[in-house]
Amino acid sequence: MNIRFLDACRGQNSYNTPIWLMRQAGRYMAAYRKLREKHGLLEMVKTPELACEVTLQPIDAFGMDAAIIFSDILPILEGMGLKLTFLQGEGPHIENPIRTSADIDALRTPPAEESLWFTLDAIKLARKELDTRGIPLIGFSGAPFTLASYAIEGGGSREYRLTKQMMYGEPHAWHLLMEKLSAVIGNYMCAQVRAGAQALQLFDSWAGALSPSDYATYVMPYVRKVIAHAKTTDVPVIYFSTGTSGYLPLLAELGADVVSVDWRIDLDVAWRALGTRSAIQGNLDPMALLAPWPELEKCALRLLEQASRVHANRAGFIFNLGHGILQQTPEDNVKRLVDLVATSAEAVPRR
Ligand code: CP3
């Protein structure tokens, strides 16, 4: 069993730094694009055999230290009553976004076994396959704020105008929405562990749209609640966000085992701000994977060196990107990066 990733989540020493990449299964891989020619994204997510196959693709091609179950953060909203589609080249679209308190009252809160059975089944299938390879499986969910932003805006957003209008203008409605989302998310994360997930990641991709005090007032209590719920299982929980380096001390208070940071702050500076007893994940700029190999290698070695400044053996460091891998990424760069980190115990001098 490859225990590098799970050891690092617990802040324990591991000889080699573990690596996995957010969105590691996806369109940058020819094998994924080939399957995608025949199946829609949601169709792949909802067919456990296909979701399992896609989950394994990057593991078999590149040898990351952990797999993440293939799904998306948005199908959870379908079970609550929202109509989700992925438009060609335009990303997610919700036909009936949440705009009023009546919309929030009407949201259902079904158990995951009912509304997300396909991902739970995919986890069971993937675990069987991964056990033979000795690789752990990560389950995940979108976090309350990030999911609320899609549910309210009806898709991606730059300014989160409608979301913030509800947050400031109708705090009662906002808190009810966050309560409902938190309950459904916590239930889903625990169900994934029962199905076989060995770690959990909460994706709060757009939390950085908020000021520190708004995050503390309108979002943080719900993230804490979801993490506490997820931690009733015995698996480690990773909290991921971007653009939040202005409030790392708040993130240190969430109760997560691992905090995932983006590239807008140096890893050692972030780790010290979070407190060096907790584990950290990140934080290569995904764009670095589009660079010529010598430049990418330099960026990766710099990151390993920054981690070594905090812990000589980098205990509690998980090498990852600061956000999802880009579609234009050459597969060869992914292979070389994974290989570099796998042999990195020698690559960076110990202090
Ligand atoms: O990491 C993995 O390999 C697991 C799969 C995974 C997907 N989405 C598959 C996917 C994960 C973990 C996600 C999370 C997700 N989805 C997030 C959080 C992470 C982040 O990047 O911020 C968000 C915000 C979404 C919502 C989403 N899904 C958007 C905005 C888009 C369109 C933009 C895009 O990248 O195309 C998606 C589509 C999506 N989800 C794709 C994949 C592989 C590409 C779709 C395709 O095959 O056509």
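It should be emphasised that the depicted structure is a prediction, and the values quoted were computed from it without experimental measurement. (Residues numbered from 1 in each chain as written. Predicted model: local features only at pLDDT ≥ 70, side-chain atom pairs only at ≥ 80, totals over all residues. Heavy atoms only, no water.)

Asks: Can you walk me through the nonpolar core in this structure?
Replies: Judged by nonpolar contacts, the single largest core of 130 residues is most densely connected at Phe5, Leu77, Trp174, Tyr215, Tyr239 and Phe319. Considering every element that reaches this core, the biggest residue donor is helix H11 (residues 171-195), with 12 residues. Leave out the neighbours within four places in its chain, and Phe319 touches Thr17, Pro18, Ile19, Trp20, Gly282, Leu284, Ala300, Leu303, Leu304, Leu337 and Val341. (Core = buried A, V, L, I, M, F, W, Y, C linked by side-chain atoms within 4.5 Å. Buried < 20%, exposed > 50% of the residue type's maximum accessible area, 1.4 Å probe, protein only. Helix = DSSP H or I, 4+ residues; strand = E, 2+ residues; numbered from the N terminus. Contact = heavy atoms within 4.5 Å.)

Asks: What's the story with the side chain of Asp268 in this structure? I'm lost.
Replies: Take Asp268: it is sitting in helix H14 (residues 267-274). On the accessibility criterion, Asp268 (6% relative accessible area) is buried. Those residues in contact with Asp268 that lie beyond four places of it in its chain are Gln306, Arg309 and Val310.

Asks: Even after reading the chapter, I still don't get the sheet that holds strand E1 (residues 67-68), so can you show me in this structure?
Replies: Strand pairing in a sheet relies on backbone hydrogen bonds. The paired strands run either parallel or antiparallel. The strand order across the open sheet formed by 7 strands is E1-E4-E5-E6-E7-E8-E9, and the pairing between neighbours is parallel. On the outer flanks of this sheet lie E1 and strand E9 (317-321), each paired with one strand and no other. The pairing of strand E7 (residues 258-260) with strand E8 (residues 279-284) spans 3 bridges and is classified as parallel. Residue pairing in the sheet places Ser260 in a bridge with Gln281 of E8. (Pairing = 2+ DSSP bridges.)

Asks: Looking at this structure, I do not really get the site of the ligand. What am I missing?
Replies: Close to the ligand lie 22 residues, the nearest being Arg27, Tyr32, Arg36, Ser205 and His323. Side-chain polar atom of Arg36 to an oxygen atom of the ligand: 2.6 Å apart, as the coordinates give it. Out of a free accessible area of 860 Å², the ligand has 88% covered by protein chains. Residues that form the shell around the ligand fall into these classes: 12 nonpolar, 6 polar and 4 charged. (Near = heavy atom within 4 Å. Polar contact = N/O pair within 3.5 Å; in protein donor to acceptor, adjacent residues only side chain to side chain. Areas by Shrake-Rupley, 256 points an atom, 1.4 Å probe, with all protein chains shown as cover. Nonpolar A, V, L, I, M, F, W, Y, C, P; charged D, E, K, R; others polar.)

Asks: Just to check I follow, could you spell out helix H4 (residues 48-62) for this structure?
Replies: Residues spaced three or four apart along an α-helix point in a common direction, a consequence of the helix completing one turn every 3.6 residues. The end-to-end C-alpha distance of H4 is 22 Å, a good match for the 21 Å that 15 residues give at a rise of 1.5 Å each. In the structure, H4 departs most strongly from a straight axis at Leu56, where the bend amounts to approximately 30° and where the proline Pro58 lies between one and four residues downstream. Of all 15 residues in H4, 11 are buried, a share of seventy percent or more. Along H4, the residues that are buried comprise Pro48, Leu50, Ala51, Cys52, Val54, Thr55, Leu56, Gln57, Pro58, Ile59 and Phe62. Contacts from the buried residues of H4 go to helix H2 (30-38), helix H3 (41-45), E1, helix H8 (117-133), strand E4 (137-142) and helix H16 (331-342). The first or second residue beyond H4 is Gly63, which carries a positive phi of 75°. (Expected span 1.5 Å × (residues − 1). Bend = angle between axes of the 7 residues up to and from the residue.)

Asks: Sorry if this is basic, but what is going on with unusual backbone geometry here?
Replies: Most peptide bonds take the trans configuration, and most residues that are not glycine carry a negative phi. Cis geometry is adopted by the peptide bond preceding Asn283, which originates at Gly282 and carries an omega value of -20°. Residue position: Asn283 is located in strand E8. Backbone geometry places Arg314, a non-glycine residue, at a positive phi of 60°.

Asks: Please clarify how the pairing of strand E5 (residues 199-204) should be interpreted in this entry.
Replies: Sheet faces and side chains relate simply in a regular strand, where the side chains alternate between the two faces. Burial analysis of E5 places 6 of its 6 residues in the buried class, which makes it a mostly covered element. By the alternation rule, side chains of E5 split into Ala199, Gln201 and Phe203 and Leu200, Leu202 and Asp204, which are all buried. Pairing between E4 and E5: 5 bridges, direction parallel. Along E5, the bridge assignment pairs Gly142 with Phe203. Pairing between E5 and strand E6 (residues 237-241): 5 bridges, direction parallel. Pairing of Leu200 across the sheet is with Val237, part of E6. Handedness of the crossover joining E5 and E6 through helix H12 (residues 212-230): right-handed. (Right-handed = clockwise from strand over helix to strand, strands pointing away.)

Asks: Hey, could you run me through the pattern of salt bridges in this one?
Replies: A side chain with one charge may pair with a side chain of the opposite charge, provided their charged atoms come close. Here the structure, examined in full by the defined rule, presents 16 salt bridges. Across the salt bridge formed by Glu78 and Lys46, the nearest N and O atoms sit 2.7 Å from each other. You can see Glu78 sitting in helix H5 (residues 75-79) and its partner Lys46 sitting in the loop between H3 and H4, a full 32 residues away along the chain. Residues Arg309 and Asp268 are paired through a salt bridge, measuring 2.9 Å at the closest nitrogen-oxygen approach. Of this pair, Arg309 sits in helix H15 (residues 293-310) while Asp268 sits in helix H14, placing them 41 residues apart in sequence. Residue classification places Arg309 among the partly exposed residues on the basis of a relative accessible area of 38%. Linked by salt bridges that have partners in common, Asp268, Arg272, Glu305 and Arg309 make up one network. (Salt bridge = Lys/Arg side-chain N within 4 Å of Asp/Glu carboxyl O.)

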